[in-house]
Amino acid sequence: MNVDMEEKTPRFRGVIIASIMLATLLYSIDWTIVVVAFPHMKGIFAATQDQVAWVITCYIVASAITMPTAGWASRRFGRKRMILLSIAGFTISSVMCGAADSLAVEVISRTVQGLTGAFIIPLSNSVMLDMFPRKDHGRALSIWSVGAFSGSFLGPVLGGYLTEYLSWRYVFYINIPIGIMAFTGIFVFMKESSKQKNARLDWFGFLTLALGVSALQIMTDRGHRLDWFESPEIIIEAALAALGFYLFLAHSLSARSPFLDFRILAKRQFRLGMILMGFYGLLTVPILAIMPVFLEELIGYPIDVVGLLQTPRGVGLVLALFLAGKLSARVDPRVLMSLGLIAIAISNYEMSQWSLDVGEREIIWTGLLQGVGAGILIIPIQEVAFYGSSSGQRVDASAIINLMRSVCSSVGVSITLVFYFINSGTARSDLVPYVNKFSGSFNREFDNGTNNQVLAQMGQEIDRQASMLGYSAAFLFLSSLAIIPFLLLCISGKLRVGDQV
């Protein structure tokens, strides 16, 4: 008698779950932990901000290119083997990143990190779902999401302390003990999956998708620095992205064995889950990217305090993940997702009302609310997307939705920065005419012979106020953006999750 593997309870499940969570934490934490080390890396490598930004860009691009191949690789070589190779490669490349003595070596090492670590998320996701019966998938996803998503919040906290009290190199060395523990647990206790020795990779589909994704990622990452389509580089990258996606879609719709199983997209719930996952990236990741800079450079907090102020967001996320996991089988997923979107919208709106005098209390409670919104949102999105998928489809499904999250996260950061730069520039232009030596409020200082000094100080203050207005516009944009997925849920119709068959 054949029993679906997802209904079995494997031996040593607790140890395997702990190892899987460590592996997902290993990958997710490196999205943001390196951001706080940028100022130190600029000095060590004698590099500009644009050059150091490649430390993140190459990691994201390499991950986005490799992630869709997870399904083929696990079928061809085995899921356990690929997870182990991914963890080992990621850990070894972390040593290379920490020991790098030049920017070129750092960028190459981060590229290897992205290439090897990209398998961790889709493979670990499918492993977790297979270890729980369908009715407990909400619980499984809530446990898995603690590692997969809390790392992005823990990154700035941990990175701030490591950079401040040890060295920026330890933001990479911290991966070594985590990687060793995860590798050991999976190697000893996890069983290998079945293999398909005749599984072949659709190279044309892979290369065209890689072209489209990499060109789009680089374009969105560098667009705001190069004035978008005023730059020949951005125009070329946009053309390559369009060409890559067109060739990929045309080939996939006509090939017998396409790179990605497009039968997954035939399911209405998966399409909706994929779109909602994209909005999750758009709404949550930009805040993670801009808040450390906002708190350190504009408000003036030291780097370790900046990390500490990000903690409530992580606390809210973890608490909400477990709450959503318990409620997912009892509450309509549309209700949970709507509550998450409302929490994110309210917190971002409150942030748009901040001034340069914002206090720690406001930063803490808005961060906590954002974490709660993100945690409530992510569980039902995944349950909706994975509903009805077989064990063999889950790796491809996970790769697709996480690729969507990665691409939309990068696009969201770029769009948010566009709002910041445009509005801060406009605000500065509006404020400058009101500051001159004929302003009555400054006559006394000018009469005392301090004209140049006062004007210089006021110039700095104008820059700060304009920057604050730019951030306010960016926060308001993110708040307004939450309306779109909310309206999408209103017209989506009934959604099924759990063991509803």
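The rules behind each value
- Residues numbered from 1 in each chain as written.
- Predicted model: local features only at pLDDT ≥ 70, side-chain atom pairs only at ≥ 80, totals over all residues.
- Heavy atoms only, no water.
- Helix = DSSP H or I, 4+ residues; strand = E, 2+ residues; numbered from the N terminus.
- Rg over C-alpha atoms; globule rule 2.2 N^0.38 Å.
- Buried < 20%, exposed > 50% of the residue type's maximum accessible area, 1.4 Å probe, protein only.
- Contact = heavy atoms within 4.5 Å.
- Lys, Arg positive; Asp, Glu negative; His and termini not counted.
- Charge placed at Lys NZ, Arg CZ, Asp CG, Glu CD.
- Salt bridge = Lys/Arg side-chain N within 4 Å of Asp/Glu carboxyl O.
- Phe/Tyr/Trp six-rings, centres within 6.5 Å; stacked < 30°, edge-to-face > 60°.
- Lys NZ or Arg CZ within 6 Å of the ring centre and 35° of its normal.
- Axes fitted to C-alpha atoms, helices over the stretch in contact; angles between N-to-C directions.
- Parallel < 35°, antiparallel > 145°, perpendicular 65-115°, else oblique.
- Left-handed = near helix turned anticlockwise from the far one by under 90°.
- Nonpolar A, V, L, I, M, F, W, Y, C, P; charged D, E, K, R; others polar.

## Comments concerning the overall build of the protein
Part 1 of the argument: When you go through the protein residue by residue, the secondary structure sums to 22 helices and zero strands.
Part 2 of the argument: Scaling as 2.2 N^0.38, a compact globule of 501 residues should have a C-alpha radius of gyration of about 23 Å, and the protein matches this with 24 Å.
Part 3 of the argument: Evaluated residue by residue, the protein yields a buried proportion of 56% over its 501 residues.
Part 4 of the argument: Pairs at least 24 residues apart make up 84% of the contacts formed inside the protein by residues separated by at least 6 positions.
Part 5 of the argument: Within the protein, the 34 negative side-chain charges are centred at a point lying 15 Å from the centre of the 38 positive side-chain charges.

## Looking at the pattern of salt bridges
Part 1 of the argument: Under the definition given, this model contains five salt bridges.
Part 2 of the argument: Between Asp 332 and Arg 334 there is a salt bridge; the shortest N-O distance is 2.8 Å.
Part 3 of the argument: Overall, Asp 332 belongs to the partly exposed group, its relative accessible area being 26%.

## A short note on helix 5 (residues 70-77)
Part 1 of the argument: Here helix 5 has its buried residues at Ala 70, Gly 71, Trp 72, Ala 73 and Ser 74.
Part 2 of the argument: Trailing helix 5 by a residue or two, Gly 78 shows a phi angle of about 105 degrees, which is positive.

## Considerations on the environment of Ile 342
Part 1 of the argument: The residue Ile 342 is located in helix 17 (residues 333-352) in this model.
Part 2 of the argument: The exposure class assigned to Ile 342 is partly exposed, which follows from its relative accessible area of 39%.
Part 3 of the argument: For the pair Ile 342 and Gly 373, spaced 31 residues apart in sequence, the C-alpha to C-alpha distance is 7.4 Å.

## Observations regarding the packing of aromatic side chains
Part 1 of the argument: Enumeration according to the criterion identifies 19 aromatic pairs in this entry.
Part 2 of the argument: Pairing Tyr 420 with Tyr 471 gives two aromatic rings, centres 4.5 Å apart and planes at 40 degrees, and the pair type is tilted. With a gap of 51 residues between them, Tyr 420 in helix 19 (residues 391-431) and Tyr 471 in helix 21 (residues 451-481) connect regions that are remote in the sequence.
Part 3 of the argument: Given a relative accessible area of 15%, Tyr 420 falls into the buried group.
Part 4 of the argument: You can call Tyr 471 buried: its relative accessible area is 8%.
Part 5 of the argument: What links up through ring pairs into an aromatic cluster is the set Phe 294, Trp 354, Tyr 420, Phe 421, Tyr 471 and Phe 475.
Part 6 of the argument: The aromatic ring of Phe 187 is capped on one face by Lys 80, whose charged end is 5.6 Å from the ring centroid.
Part 7 of the argument: Geometry around Tyr 59 places Arg 110 over its ring, the cationic atom sitting 4.2 Å from the centre.

## Overview of the side chain of Ser 472
Part 1 of the argument: With respect to the helices, strands and loops of the structure, Ser 472 is situated in helix 21.
Part 2 of the argument: A relative accessible area of 11% means that Ser 472 is categorised as buried.
Part 3 of the argument: Aside from chain neighbours lying at most four places away, what touches Ser 472 is Ser 352 and Trp 354.

## Brief notes about the packing of helix 14 (residues 268-299) against helix 22 (residues 483-490)
Part 1 of the argument: Where helix 14 meets helix 22, the closest approach of the two axes is 10 Å, and the angle between their N-to-C directions is 160 degrees. In terms of orientation, helix 14 and helix 22 fall into the roughly antiparallel class. In this structure, helix 14 crosses over helix 22, and the sense of that crossing is left-handed. Across the interface between the two elements, Leu 272, Ile 275, Leu 276, Phe 279 and Leu 283 from helix 14 touch Ile 484, Pro 485, Leu 488 and Leu 489 from helix 22.
Part 2 of the argument: In terms of residue class, the contact of helix 14 with helix 22 is made up of nine nonpolar, no polar and no charged.

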